[in-house]
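# Summary of structural features
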Amino acid sequence: PAVKSEWDRLRSRNVDLLGDLRLQVTRVDLGATKGIFYRLRAGPLADETTAKALCERLKQRKLGCLVVKPGA
């Protein structure tokens, strides 16, 4: 699937940051005007501080990142 290939691409280009993390995919319906999106979640991470630090490093590489709590 496209989601898996995108994860493989992102992970291979950022193996120093994402190498040991696992993929979780969530489906999000943003309504009729925006449609269906699939969000890639990487984890698990030790804590919120670690997640925020990883996000900042990914943003420095021009990648979108958002910290979410498990189960959210």
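### A short note on the state of the cysteines
Scanning the entire structure with this criterion turns up one disulfide. Disulfide pairing places cysteine 55 opposite cysteine 65 at an S-S distance of 1.9 Å. With the S-S dihedral at roughly -105°, the linkage between cysteine 55 and cysteine 65 falls on the left-handed side. Within this pair, whereas cysteine 55 is found in helix H4 (residues 48-60), its partner cysteine 65 is found in the segment after H4, the two being separated by ten residues in sequence. Cysteine 55 sits in the buried class, given a relative accessible area of 4%. Looking at cysteine 65, the relative accessible area reads 25%, which means it is partly exposed.

### Let's talk about the environment of leucine 10
Here leucine 10 shows up in helix H1 (residues 2-13). In this structure, the C-alpha to C-alpha distance between leucine 10 and leucine 63, residues 53 residues apart in sequence, is 9.2 Å. When residues no more than four places from it in sequence are discounted, the contact partners of leucine 10 are Leu18, Leu40 and Leu63.

### What to know about a nonpolar patch on the surface
Where nonpolar side chains cluster on the molecular surface, the patch consists of Val25, Ile36, Tyr38 and Leu40 and spans about 320 Å² of accessible area. The residue tyrosine 38 is located in strand E2 (residues 36-43) in this model.

### A short note on unusual backbone geometry
For the peptide bond that leads from glycine 43 to proline 44, omega is 0°, which places it in the cis range. At lysine 62, a residue that is not glycine, the phi angle is positive and equals roughly 65°. With respect to the secondary-structure elements, lysine 62 resides in the segment after H4.

The rules behind each value
- Residue positions are given per chain, counting from 1 as you read along its sequence in written order.
- Predicted model: local features are reported for residues with pLDDT of at least 70 only, side-chain atom pairs are reported and counted for 80 or more only, and whole-chain, interface and lining totals are derived from all residues.
- In computing side-chain properties, one takes all heavy atoms of the structure into account and sets aside hydrogens as well as water.
- What counts as a disulfide here is a pair of cysteine sulfur atoms lying within 2.5 Å.
- Strands here mean DSSP runs of E at least two residues long; helices mean DSSP runs of H or I at least four residues long; both are numbered from the N terminus.
- With a 1.4 Å probe rolled over the protein chains alone, any residue whose accessible area is under 20% of its type maximum counts as buried; one over 50% counts as exposed, and the rest are partly exposed.
- The contact definition used throughout considers only heavy atoms, calling two residues in contact when any of these lie within 4.5 Å.
- A patch is a set of surface residues, each over 30% in relative accessible area and not in a salt bridge, joined within 9 Å for like charges and within 5 Å for the nonpolar side chains Val, Leu, Ile, Met, Phe, Trp and Tyr.
- Computed with a 1.4 Å probe, the accessible areas rest on the Shrake-Rupley method; for each residue, only the protein chains presented here act as cover.
- Throughout this description, the term salt bridge denotes a Lys or Arg side-chain nitrogen within 4 Å of a carboxyl oxygen of Asp or Glu.

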